[in-house]
Amino acid sequence: MADKTILKALRGETQSVPPIWMMRQAGRYLPEYRATRAQAGDFLKLCYNPELAAEVTLQPIRRFGFDAAILFADILLLPQALGADLWFVTGEGPRLSTITQQSDFNALKGKDDIHKVLNPVYETVKILAQELPDETTLIGFAGAPWTVATYMLAGRGTPDQGPAHALRMGNNELFENVINLLTVSTIEYLDMQIRAGAEVVKIFDSWAGSLKGEAFEKYAVEPARLITRELKRRHPNVPIIGFPREAGDGYIGFAKKTGVDCVALDNSVTPEWGAANVQVDGCVQGNLKSSHMVTGGQDLIDEVRHVRDTFAKGPHIFNLGHGITPDADPDNVALMIETLRENA
Ligand code: 1CP
């Protein structure tokens, strides 16, 4: 187990061939995923069905031999466990009940009352810990408080996170109540995933880029620091990956400030910039453009080599800069892995 390539990278080892996994590796670009999702009925039923959620987690491992599997679930299950209504509109995305006043917040559950709803997720982790190949690392995850709050406050995905920014500025006390509840609940959620068998956890702050200056420090850095500090206290040997997507200069020093073991980079920064400014502090993950999974060809081969070789002097986990899209071609995923490992 100590020899898993992902864990080596997260301990700071430089490897001649970096380990690889892919954001949204279980997803709609795979016909076997679409079949299992249809069998489950809908996306949320799939998330809460441990046997089928484990099955879709394993599908990309069987097909491609990735070095890590990421638990199949969603960042919006936590708000649902806190008492928000959650549903998905086909072709559009998530919808949630909103929080506009203190009484909406008061109606939510506490951090210790989330596990009844989330228990199927822990069951999925337990199945995966049994069934994954010995060399494959199991990654658990949660959304970062800010990103989850943007959905809870708007009731849906938004291009500019407007409603969350409006509450942050208009009723900061209520906004901070939401952030603080999500911070303590995320600790309990990830703690349970680790106890069920997750070997690494990742905190997805997909909308961190819309927080600037002091707001980035208060609502992206500080919650990640608090979550990391408490998880490290409870589980000193479990590495944590942070993903403050589109943070720009906010990536610089993020690992030192928060204590995360690895920083995932998106495509708003070049590999050269990431190596010079972020990898100097430790492991990085990323950052091939997801569009190469659609377009393929020689450009894909060249860019896989470019990303790999630019990060070759330090600890690196190869990944995309964001999730693979439903229109991607699975053959391009295979070509990415083959190219990455060509000198092995
Ligand atoms: O139709 C379908 O089958 C649903 C598509 C889908 C999938 C495959 C959604 C809905 N969620 C997921 C799974 C998922 N979500 C995983 C599983 C593991 C894997 O990566 O394979 C993970 C880690 C997530 C995390 C997630 N959900 C994030 C953070 C990462 C990111 O992509 O930035 C976010 C923002 C969500 C919210 C969400 N869930 C689903 C959608 C369509 C969205 C985005 C809504 C929006 O655009 O704002």
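Model, not experiment: these values are computed from the prediction.

A.B. asks: In this structure, what is going on with the overall build of the protein chain? I would like to understand it.
C.D. replies: For the protein chain, the helix and strand inventory stands at 16 helices and nine strands. For the protein chain, the C-alpha atoms occupy an extent of roughly 60 × 45 × 40 Å along the three principal directions. In the protein chain, which comprises 344 residues, the share counted as buried stands at 58%. For the protein chain, the proportion of contacts with a sequence separation of at least 24, taken over those separated by at least 6, is 73%. Of the accessible surface of the protein chain, which amounts to about 14,000 Å², a share of 49% is contributed by carbon and sulfur atoms. Taking the average place of the 34 positive charges on the side chains of the protein chain and the average place of its 43 negative ones, the gap between the two points comes to 3 Å.

A.B. asks: Sorry if this is basic, but what is going on with the site of the ligand here?
C.D. replies: Around the ligand sit 22 residues in total, of which Tyr33, Arg37, Asp74, Ser206 and His322 are the nearest. Between the ligand and Gln25, the relevant distance is 3.2 Å, taken from an oxygen atom to a main-chain nitrogen or oxygen of the residue. A distance of 2.6 Å separates an oxygen atom of the ligand from a polar atom in the side chain of Arg37. Structurally, the ligand is housed in the largest pocket. Looking at the shell around the ligand residue by residue, the classes come out as 14 nonpolar, four polar and four charged.

A.B. asks: Help me understand the nonpolar core in this model?
C.D. replies: Counting residues in hydrophobic clusters, the biggest one holds 121 residues, and the most contacted among them are Met293, Val333 and Met336. Of all the elements, helix 10 (residues 172–196) adds the most residues to this core, at 11 residues. Apart from residues no more than four positions distant in its own chain, Val333 is found in contact with Met22, Tyr29, Phe64, Phe66, Met293 and Ile324.

A.B. asks: I tried to follow the side chain of Thr147 on my own but got confused; where do I start?
C.D. replies: Take Thr147: it is sitting in helix 8 (residues 145–154). Judged by its relative accessible area of 0%, Thr147 falls in the buried class. Each residue touching Thr147, except ones within four places of it in the same chain, is listed here: Ile75, Phe204, Asp205, Ser206, Trp207 and Ala208.

A.B. asks: Even after reading the chapter, I still don't get the layout of surface pockets, so can you show me in this structure?
C.D. replies: Unoccupied space between atoms shows up once a probe the size of one water molecule is rolled over them. Volume-wise, the largest pocket comes out at about 1,300 Å³. As for the largest pocket, its lining consists of 42 residues, and the residues nearest its centre are Arg24, Arg28, Phe43, Asp74 and Phe88. Mapped by element, the contributors of at least two residues to the lining of the largest pocket are helix 2 (31–40), helix 3 (43–47), strand 2 (86–89) and strand 3 (93–96). At three residues, the largest contribution of residues to the lining of the largest pocket is made by strand 3. When grouped by side-chain class, the residues that make up the lining of the largest pocket number 23 nonpolar, 10 polar and nine charged.

A.B. asks: Hey, could you run me through the packing of aromatic side chains in this one?
C.D. replies: Each aromatic ring pair is summarised here by two numbers: the centre-to-centre distance and the angle between the ring planes. Across all of its chains, the model carries 10 aromatic pairs by this definition. Summarising the aromatic geometry, the rings of Tyr33 and Phe72 are spaced 5.6 Å apart at their centres and angled 50 degrees between planes, so their arrangement reads as tilted. Taken together, the positions of Tyr33 in helix 2 and Phe72 in the loop between strand 1 (68–70) and helix 5 (77–81) put the pair 39 residues apart, joining distant regions of the chain. Phe72 matches Tyr33 in its accessibility class, with the two residues each being buried. Judged by centre distance (6.2 Å) and plane angle (50 degrees), the rings of Tyr122 and Tyr189 are tilted. Residue Tyr122 is located in helix 7 (residues 115–131), and its partner Tyr189 is located in helix 10; the two are separated by 67 residues in the primary sequence. Each member of the aromatic cluster is reached from another via a ring pair, and the members are Tyr33, Phe43, Phe72 and Phe88. The ring of Phe243 has Lys202 sitting right over it, with the charged end atom 4.6 Å from the ring centre. A cation sits over an aromatic face here: Arg245 above Trp207, 5.2 Å from the ring centre.

Thresholds applied
Residue positions are given per chain, counted from 1 along the sequence in the order it is written. Per-residue local features of the predicted model are confined to residues with pLDDT of at least 70, and side-chain atom pairs are confined, for both listing and counting, to 80 or more; whole-chain, interface and lining totals are unaffected and use all residues. Side-chain metrics rest on all non-hydrogen atoms present in the structure, leaving aside hydrogens and water. Elements are defined by DSSP. Helices are runs of H or I of four residues or more, strands are runs of E of two residues or more, and each kind is numbered from the N terminus. Each residue is placed in one exposure class: buried if its accessible area under a 1.4 Å probe, protein chains only, is under 20% of its type's maximum, exposed if it is over 50%, and partly exposed if it falls in between. In this description, contact between two residues means that some pair of their heavy atoms is separated by no more than 4.5 Å. Calculation of accessible area relied on Shrake-Rupley with a 1.4 Å probe; when residues are assessed, cover is drawn exclusively from the protein chains displayed. Only four residue types enter the charge count: Lys and Arg as positive, Asp and Glu as negative, with His and the chain ends excluded. By convention, the point assigned to a charge is CZ for Arg, NZ for Lys, CD for Glu and CG for Asp. Each residue is tested against the molecule or strand, and it is near if at least one of its non-hydrogen atoms lies within 4 Å. Here a polar contact is taken to be a pair of N or O atoms separated by no more than 3.5 Å, where protein atoms must pair a possible hydrogen donor with a possible acceptor and residues adjacent in sequence count only if both atoms sit in side chains. Any residue with an atom within 4 Å of a point lines the site, the site being either a cavity, points on a 1 Å grid over the protein atoms alone where a 1.4 Å probe fits but cannot get out, or a pocket, an open set with protein on both sides within 12 Å along at least 5 of 7 lines. Each molecule is assigned to a cavity or pocket provided more than half of its atoms lie within 2 Å of the corresponding grid points. Residue classes follow a fixed rule: Ala, Val, Leu, Ile, Met, Phe, Trp, Tyr, Cys and Pro count as nonpolar, while Asp, Glu, Lys and Arg count as charged, and any other residue, Gly among them, counts as polar. Buried residues of nine kinds, namely Ala, Val, Leu, Ile, Met, Phe, Trp, Tyr and Cys, make up a nonpolar core once their side-chain atoms join them within 4.5 Å. Grid points are joined across faces, edges and corners, and a volume is the space filled by probe spheres set on the points. Aromatic rings from Phe, Tyr and Trp, taking only the six-membered ring of Trp, are treated as a pair when their centres fall within 6.5 Å; an angle between ring planes under 30 degrees marks them as stacked, one over 60 as edge-to-face, and anything in between as tilted. Whether a charge lies above a ring is judged from NZ of Lys or CZ of Arg, which has to be within 6 Å of the ring centre and within 35 degrees of the ring normal.

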